[in-house]
Amino acid sequence: MTIDPDEAPTNAFDPLVPRPIDLPTAVPLPALGDERLDAAAFDIAKILGAPDDPAQWPAWRDELAALAADARSRLAHDAAAYDAVAWAARCRVAAQIWLWDERLWDWRERRFTPDRLLAAYDELGGLDGLVLWHAYPCIGIDERNQFDWYRDVPGLAALVADLHAAGVRVFLDYNPWDTGTRRETDASGRERSDGESLRLVADDLGADGVFLDTLKQADPAFLAAVGGDRPLALEGESRAPNERLRDHVLSWSQWFADSRAPGVQRARLVERRHMLHGVRRWNRSHAEELQTAWMNGTGVLVWDAVFGVWVGWSARDRATLRAISRMQRACHELLEQGEWAPLAGATAEAAELGVHGTIWTLGDITLVTLVHRGDEPVTGRFLAPVEGALWDLVRGAATDGELTIPAHGIAGVLAVRGEAPTWLPGLLEAAVADPAHGDPAWADAAFPARATERIRVPRSSAAPPEDAVLVPAGVHELRVQWRRRETGLYGEAPYVEEWKPLPPRLHDEREIEVRAELDAVAIARREVSVAEWNAAARDAGLEPREGAPDAPVTHVDLDDARRFAAAVGARLPTDHEWQVAGAELERRSPRVWNWTESEMTDGITRRTILKGGSERAVTGSDWYADGGPQPPERSLAWLRTGIDRSSAIGFRLAWDLEPDVDHATGDAR
């Protein structure tokens, strides 16, 4: 029995280098006297590495074809699922987006703005698919389960309809680790399975597919429950083993290293309609996954804001993806149905320069996809002999065979014998009209950094109560603790260039020293109670809340709390003010997290800091938000959502103090 390397102990691995499973799988060549690659190893490989010696490439291609044919026969591969969701094979450029990303959600008007989001992705060639991410890292703060985090979102079905109208397929996210929140039941009280619940949500919203978070594959019970008359496309987060290609029509090609001469993606080899999406979420450059996608006729996942952390794509990578996506869409039939000859498109001399080509032939048309592995641009005649009139598809012009390929870039050549395809003129025009003028080498490869800035803290207008906790003006040296996860604390990227952040580092405890320069402020000793809220809510234009009069008021979001505070002449304390006063603050019962006036934005994601902990602590997974009582120095980074009103979050008030008044006595200094 072969142990799946993805499941092997990993804590000792260096996060900056590939794990063994991430490396290309060597393909022994029986034609040269080797023993054939073990079938079990072949069935789980990510990339089938190419030999360094071009003389071995013909035998390598023959062996790849034999391995794929054996797998299809041995596993009785069935392609019916691909017929049922034929669109999935064309879903080349996908993105994963936080539902409240500021490109998709207007915080002022509290509505979705799909046109604005899609316009932002035009720079990457446009989208074919979109994963609507909804719950993590906020889920677990209260009793809401992953399905509530979709159901409770106003306007979500309309958003899906708008995306469909724009030609974008929509995927929901399934979290198999969500076992500690409330369970779903039907009208008779019977507990629903996750598959049943997800199917209901997908039908209510009109979603097209399901992204299987943390899973390579769904189990048979889930598959049966999520099935229905309207088929949903399933996409795993990692490599789909060969036996599951029959029911998982897409998968992420995540955390993989290619060979020097580009290898072949095993899943694509076995099932040509299986769509892989290359993704390296923490990388500053995406050249390698773009080249792998180009050489395999597969897709890319654009994930430029990872759970609130900006990891945007450079202008060079955006230009490269634009070129790849328009060529792949135009040449879809070639890539799906044509004869595929990996590493047959460039000369041996080109290979010495790091230029490699793959050939796709259908009828009288041949597409040659080329990549350049080197650090400097090259110009030359790199093509292996090919018949027909030649067109440089990146530059949008005829060519005599001479090409210029950028460093770590791509090129595409179409050879036409006879009449040109009807789509060729439009493809050439689009290349000429490209903002990079058809040459990604002209684009900037620098990381497009964004600064996370705090939103201005308002001033209060009223005097504090006598029992308020006073925070003196001055510089305060604070030790701030938090659990890192993938969100960072203040918007920083926590795992730059790492291959796969793994436990315990993925959820490790962190501590930093913060130098906070504060003005004098008074902070309410206790949270705003239900009675206090109800006494002033209507004057503030807010709805009363039910509950015990002395309990902390909850089900208020950050903007509700701000409106209440302004109406009574106060404001919310900042996270640093809260921490300085924390030892003297009292907690109402039940304990709830406190909103603080610490909202930050990088123009993409809004976040704030919660303080104090709560009575509730959801267990069963490290993916849940923190719960339970927490010391003053503990912070929880909270990504703002449009459904922030929670049973586990309340707030307290703060008042600015004049610096020339002794607030212990009220006398002027």
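Residues numbered from 1 in each chain as written. Predicted model: local features only at pLDDT ≥ 70, side-chain atom pairs only at ≥ 80, totals over all residues. Heavy atoms only, no water.

A.B. asks: Which parts of the structure should I look at to understand the overall build of the chain?
C.D. replies: Counting its secondary structure elements, the chain contains 17 helices and 35 strands. The C-alpha radius of gyration of the chain comes to 28 Å, within 12% of the 26 Å expected for a compact globule of 669 residues. Seen along its three principal axes, the alpha-carbon backbone of the chain occupies a region of about 95 × 60 × 50 Å. Taking as baseline every contact in the chain between residues at least 6 positions apart, the subset at least 24 positions apart corresponds to 74%. Of the roughly 26,000 Å² of accessible surface on the chain, 51% is carried by carbon and sulfur atoms. Averaging the locations of the 74 positively and 109 negatively charged side chains of the chain gives two centres separated by 2 Å. (Helix = DSSP H or I, 4+ residues; strand = E, 2+ residues; numbered from the N terminus. Rg over C-alpha atoms; globule rule 2.2 N^0.38 Å. Contact = heavy atoms within 4.5 Å. Areas by Shrake-Rupley, 256 points an atom, 1.4 Å probe, with all protein chains shown as cover. Lys, Arg positive; Asp, Glu negative; His and termini not counted. Charge placed at Lys NZ, Arg CZ, Asp CG, Glu CD.)

A.B. asks: Got a minute to help me understand helix α10 (residues 287-296) in this structure?
C.D. replies: Within α10, 9 of the 10 residues are buried, leaving the element largely enclosed by the surrounding structure. If you check which residues of α10 are buried, you get Ala287, Glu289, Leu290, Gln291, Thr292, Ala293, Trp294, Met295 and Asn296. Backbone geometry just after α10 places Gly297 at a positive phi near 70°. (Buried < 20%, exposed > 50% of the residue type's maximum accessible area, 1.4 Å probe, protein only.)

A.B. asks: Just checking my understanding: could you explain the sheet that holds strand β9 (residues 250-254) for this structure?
C.D. replies: Think of a sheet as strands paired side by side through backbone hydrogen bonds, with each pair either parallel or antiparallel. On the basis of which strands lie adjacent, the closed barrel formed by 8 strands has the order β2-β5-β6-β7-β8-β9-β11-β12 and parallel pairing. The sheet shows a mean angle of 25° between the axes of neighbouring strands, direction not considered. Bridge analysis of β9 against strand β11 (residues 275-279) gives 5 bridges, and the strand direction is parallel. Counterpart to Ser251 in the pairing with β11 is Leu276. Each of β5 (129-133) and β6 (169-174) touches helix α6 (residues 156-165); the most contacted strand, β5, lies at about 165° to it. (Pairing = 2+ DSSP bridges. Axes fitted to C-alpha atoms, helices over the stretch in contact; angles between N-to-C directions.)

A.B. asks: Looking at this model, I keep getting lost on the packing of α10 against helix α11 (residues 315-330). Mind explaining?
C.D. replies: Where α10 contacts α11, the axes come no closer than 10 Å and their chain directions differ by 10°. With respect to their mutual orientation, α10 and α11 come out roughly parallel. Here α10 contributes Ala287, Leu290, Ala293 and Trp294 to the contact with α11, which in turn contributes Arg316, Asp317, Thr320, Leu321, Ile324, Met327 and Gln328. (Parallel < 35°, antiparallel > 145°, perpendicular 65-115°, else oblique.)

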